[in-house]
Amino acid sequence: MRNVAAIVGLLVITSPLCLLRAQTPAAESRTVWDGVYTEDQAKRGEPIYHKECGACHGDMLTGGESAPPLTGGAFLANWNGLTMGDLFDRIRKTMPESAPGRLTRQQDADILAFMLSINRFPAGKTELYKQSEMLKEIRFESAKPSPKK
Amino acid sequence: MREKNPKRLHALLLLFFDGFLCWPAAAPAQFRPKDTEWPSYAADLAGTRYRRLDQINASNFSDLEIAWRIKTDNFGDRPEYKLEGTPLMVNGVLYATAGSRRAVIALDPATGELLWIHGEHEGKRGGAAPRQLSGRGLAYWSDGKEERILYVTPGFRLICLDAKTGVRIPSFGNTGEVDLKLDDDQDIFPDLITGEIGIQSAPVVAKDTVIIGAAFREGMTPRSMRNNKGYVRGFDVRSGKRLWIFHTIPKQGEFGYDTWEKGSAEYTGNTGVWTQITVDEQLGLVYLPVESPTSDFYGGHRPGNNLFGETLVCVDLKTGELKWHFQLVHHPLWDMDISSAPILADITVAGKTVKAVAQPSKQGFLYVFDRVTGKPIWPIPERPVEVGNVPGEWYSPTQPIPTKPEAYSRNGVSIDDLIDFTPALRERAKEIASKFHLGPVYTPPAVSKLEGPLGTLTMGTASGGTNWPGGSYDPETHNVYVYACNSCIEPIGLVPAPKEVSDLNYVAGTAGKEVEILHGPGENAGADSPKPPQKRPGSGYVPMNIDGLPLVKPPYGTITAINLDKGDFVWQIAHGETPDVVRNSEILKGVNIPRTGQETYNIGTLVTKTLVIAGEGHVTTTADHPRGAMLRAYDKATGKEVGAVYMPAPQTGSPMTYMVNGKQYIVVAVSGGPYSGEYIAYTLPSTGE
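Residues numbered from 1 in each chain as written. Chains lettered and ligands numbered in written order. Predicted model: local features only at pLDDT ≥ 70, side-chain atom pairs only at ≥ 80, totals over all residues.

A. Representation of the overall build of chain A. Tallying secondary structure elements over chain A gives seven helices and two strands in all. Element order for chain A, N to C, with α for helix and β for strand: α-β-α-α-α-α-α-α-β. The 149 residues of chain A split such that 50% are buried. Taking contacts inside chain A between residues at least 6 apart in sequence as the whole, the part at least 24 apart equals 73%. (Helix = DSSP H or I, 4+ residues; strand = E, 2+ residues; numbered from the N terminus. Buried ≥ 20, exposed ≤ 12 C-beta atoms within 10 Å, placed from the backbone. Contact = placed C-beta atoms within 7 Å.)

Shown next as structure tokens:
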């Protein structure tokens, strides 16, 4: 009997938690439309972009012979539905091409903030994280979501 | 300065697999690849990308399933997201370059089983290479007994392997390698480790000669008007000995030297052949598509026409001696490298058989010549073009413009080209375009000014039209099939270069932006210290899209079938699903938009007995398929789509096909965005026997 009671008790206690956990991602889900970087951060990212990325990805981020555009429909489609963590890690793992990982996490985050600004995602009050795990909580949505009711 | 004892990833795997391999019991007396194989990068030395196979056809293309797949992540110290290779399949083995180390892998073509792997650890020399990653492929050679694989490492060393084992051939060059930074009629500067020169294309082997070109960094903002030169060389496939060299920038006393005024041939560099080379073995002629000189968009330091920049050059296979040439662009200013393999075609013009060569281009012209004489099949007269006013620049007053075939993709920008789905979108596009100088093909770059123009808005230049994948040719119909980006906008502005940035007077840039020292791939120098921000992010930045929508109207990318007997289009279609950003646009709800094709520059085609096959360059997410791209098949006679099969990522390497054990396979390289490189082999489902 004690065991049964314990199990029932556990169910009573855990069920709401499970529900809460199931709801949490939706409730706290953020997207690139929620102001996930600051203007100052994008300003910091701009010269780094031009120094480290522009030679291949283009002055206007339109891509070049050896590198894809970082703006426009193809860029948006490539990352739509993924997370900022995915995009950040792609940069961390492979860029700059000759020496991947040479830039600091902060520099990578600043470049990413600049890219978001160029792609007309709104700036906000908090800087873009530089931790991949935290960035995975921000979804990259190419189209602006409908206003929450 | 030469590297010593580079580590090698030799094939321990071979110890495990060698015993299971079934090599041919007796090699044929003389090597003749079967027409069911794919023995060189473009199927053959003529650059056709054609195989007369028909097991996979219109009735079953959509039934294709994955026979095998291989991720390339572990063939290097990091994943690669730009896998551009086309494998070879010959004598029952599939060979490919793969991974960020540009390893060579040998696979069972029916199962994908890894037979051997070879990689070269090049240390700093590899890290400093101007063209990194896995490259486009490799070359196969056999005399009927011995089989060899040849490829060039990122660090510009020609490696010769035993095709059976993946082990270097010791008698070739220096223990299986030729250092391509040596014996090049120039001293590669500043040193052999960091000296800028390399290549990403596949070598070509014709008869017993290996032919190698050269590539450099992107040339928009070079540090200097001086650079290494991209000569082309032929090597003996048995010994590795240099047989000949062709100076793509003539030396003093050689033909063409006087097209470089004020001695500029002495210091100007680049002008390599970075794309695929084509050979007519019977005629003993080699066709070299030469790229731009230093720098891409400013030629004030190299007055003159600049032979052999952006010139189709024909040389002798045995000697490298110049046979004929045709400069497609005089005094290049638009980065219109000749970017793809010349295509050899035996055609019938006005009742006469002609051995022709057809050259696709970034500028959307298909230049067609008699490949023996170099004489144009249809007239290519010199036409007056706009002369610009960039200080110090030298302009050619005319450019050669083909009368036939007509341009198969856009090569200029006019208001009429701008997006017109709605009047409001057209107005926004006009506002963007108003900041630039517009004009037809060969409208020159402009100095970027805040008050305007910010530059010249171009198409059919650096990344337009047909780029490195080139076209295909069907010897049955005498049609060339060629993909082209019809919407790859390139704003070209020039800004004065500060002395600490470059010794050129002008480099590519936009007014209002601080000119930065641009680091291209391969430059891993020093710690970086970003300058303090002084302006708003993106100041001077003008988007080349409208809320993600392309600035110009569809079609964004096309495949065109051009009949070479007549010089006329047979058909032209938009290639690729309409991009998500267009299909899902709120602004465009209710607007009927036929399939637009896609804006990309790296789509290669494959031609079979009945089909033209090409994958998409972008991912889409539609009701029919999850995020992914489609490999599409078209009826080669009509251009009508007859089937499609899902790929998890865009096509980034051109497809190839072969038969093995009675089954036809199609292999394609996919990668991009978050998806690392993968070769995928498709075949038809088992019949259940």
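B. How the structure looks around the overall build of chain B. Scanning chain B from N- to C-terminus turns up four helices and 39 strands. For the C-alpha atoms alone, the extent of chain B along its principal axes is close to 75 × 60 × 60 Å. Within the span of chain B, comprising 689 residues, buried residues form 60% of the whole. Residue pairs at least 24 apart in sequence account for 65% of intrachain contacts in chain B once pairs closer than 6 positions are excluded.

C. The arrangement of the nonpolar core in detail. Membership of the largest hydrophobic core comes to 223 residues, with the highest contact counts inside it found for Leu-112 of chain A together with Tyr-95, Leu-150, Val-286, Leu-288 and Ala-356 of chain B. Of the residues forming this core, the biggest block, eight residues, is contributed by helix H6 (residues 105-118) of chain A. Beyond its immediate stretch of four places on either side in the chain, Leu-150 of chain B contacts Leu-138, Ala-139, Trp-141, Leu-158, Ile-159, Cys-160, Pro-203, Val-205 and Val-210 of chain B. (Core = buried A, V, L, I, M, F, W, Y, C linked by C-beta atoms within 7 Å.)

D. Spatial organisation of the sheet that holds strand S14 (residues 278-280) of chain B. Residues and elements named next belong to chain B. The strand order S14-S15-S16-S17 describes an open sheet built from four strands, whose pairing is antiparallel. Whereas interior strands pair on both sides, the edge strands pair on one side only; in this sheet they are S14 and strand S17 (322-327). On average, each strand axis in the sheet is tilted by 15 degrees relative to the strand beside it, whichever way the strands run. Bridging between strand S16 (residues 311-316) and S17 involves five bridges; their strand directions are antiparallel. Bridge pairing links Val-315 to Leu-322 in S17. (Pairing = 2+ DSSP bridges. Axes fitted to C-alpha atoms, helices over the stretch in contact; angles between N-to-C directions.)

E. A look at the environment of Lys-640 of chain B. Residues and elements named next belong to chain B. Topologically, Lys-640 is positioned in the loop between strand S35 (629-635) and strand S36 (641-647). For Lys-640, a count of 12 C-beta atoms within 10 Å puts it in the exposed group. When the C-alpha atoms of Lys-640 and Leu-611 are compared, they prove to be 9.8 Å apart, with 29 residues separating the residues in sequence. If we skip the residues at most four places from it in the chain, Lys-640 touches Tyr-634 and Asp-635.

F. Layout of the packing of helix H5 (residues 84-94) of chain A against H6 of chain A. All names here are of chain A. Following both chains from N to C, one finds H5 and H6 inclined at 125 degrees, their axes separated by 10 Å at the closest point. Between H5 and H6, the angle falls in the class oblique. Of the two elements, H5 crosses H6, and the hand of that crossing is right-handed. Across the interface between the two elements, Leu-87, Phe-88, Ile-91 and Arg-92 from H5 touch Asp-108, Ile-111 and Leu-112 from H6. (Parallel < 35°, antiparallel > 145°, perpendicular 65-115°, else oblique. Left-handed = near helix turned anticlockwise from the far one by under 90°.)

G. Structural context of helix H2 (residues 39-52) of chain A. All names here are of chain A. With 14 residues, H2 ought to run about 20 Å at 1.5 Å a step, and its terminal C-alpha atoms sit 20 Å apart, in line with that. Among the 14 residues that make up H2, 12 are buried, leaving the element largely enclosed by the rest of the structure. Among the residues of H2, those classed as buried are Gln-41, Ala-42, Lys-43, Arg-44, Gly-45, Glu-46, Pro-47, Ile-48, Tyr-49, His-50, Lys-51 and Glu-52. Residues of H2 that are buried make contact with helix H3 (54-57) and H6. (Expected span 1.5 Å × (residues − 1).)

H. Geometry of the interface of chain A and chain B. Each partner contributes to the interface: chain A provides 47 residues, whereas chain B provides 56 residues. Breaking the side of chain A that touches chain B down by element, the ones donating at least two residues are H2, H3, helix H4 (73-79), H5 and H6 of chain A. The biggest single contributor to the side of chain A that touches chain B is H2 of chain A, with 10 residues. Taken together, the residues of the side of chain A that touches chain B sort by class into 18 nonpolar, 16 polar and 13 charged. (Nonpolar A, V, L, I, M, F, W, Y, C, P; charged D, E, K, R; others polar.)

I. Geometry of the pairing of strand S18 (residues 343-349) of chain B. Residue and element names in this part refer to chain B. The pairing of S18 with strand S19 (residues 352-359) spans seven bridges and is classified as antiparallel. Residue pairing for S19: Ile-347 is matched across the bridge by Val-354. In sequence, S18 turns back onto S19 through a hairpin of two residues, with Ala-350 there showing a positive phi of about 50 degrees.

J. Structural detail: H5 of chain A. Taken as a whole, H5 of chain A has its buried residues at Met-84, Gly-85, Leu-87, Phe-88 and Ile-91 of chain A. The arc that holds the buried residues of H5 of chain A, viewed along the axis, is 165 degrees, so those residues lie on one side. (Arc of directions from axis to C-beta.)

K. Just the confidence of the model for chain B, in detail. All names here are of chain B. For chain B, the average pLDDT comes to 92, and 91% of its residues sit at 70 or higher. Contacts from residues 1-29, a stretch scored under 50 in pLDDT, to residues over four places away or in other chains number 39 contacts. In this model residues 517-537 is a low-confidence stretch, pLDDT under 50, and it forms 50 contacts with partners more than four residues away in sequence or in other chains. The ipTM assigned to the predicted complex is 0.77, against a pTM of 0.90. (pLDDT = per-residue confidence, 0-100.)

L. Representation of the packing of H2 of chain A against H6 of chain A in the model. Residue and element names in this part refer to chain A. One way to put it is that H2 packs onto H6 with a least axis distance of 7 Å and a crossing angle of 100 degrees. Classified by the angle their axes make, H2 and H6 are roughly perpendicular. Packed against H2, whose contacting residues are Gln-41, Ala-42, Arg-44, Gly-45, Glu-46, Ile-48 and Tyr-49, the element H6 presents Gln-107, Asp-110, Ile-111, Ala-113, Phe-114 and Ser-117 at the interface. In terms of residue class, the contact of H2 with H6 is built from six nonpolar, four polar and three charged.

M. Representation of the environment of Lys-93 of chain A within the structure. By secondary structure assignment, the location of Lys-93 of chain A is in helix H5. Classification of Lys-93 of chain A as partly exposed rests on a count of 13 C-beta atoms within 10 Å. Each C-alpha atom of the pair Lys-93 of chain A and Arg-120 of chain A lies 25 Å from the other, and the pair is 27 residues apart in sequence. When residues no more than four places from it in sequence are discounted, the contact partners of Lys-93 of chain A are Pro-100 of chain A together with Arg-78 and Pro-79 of chain B.

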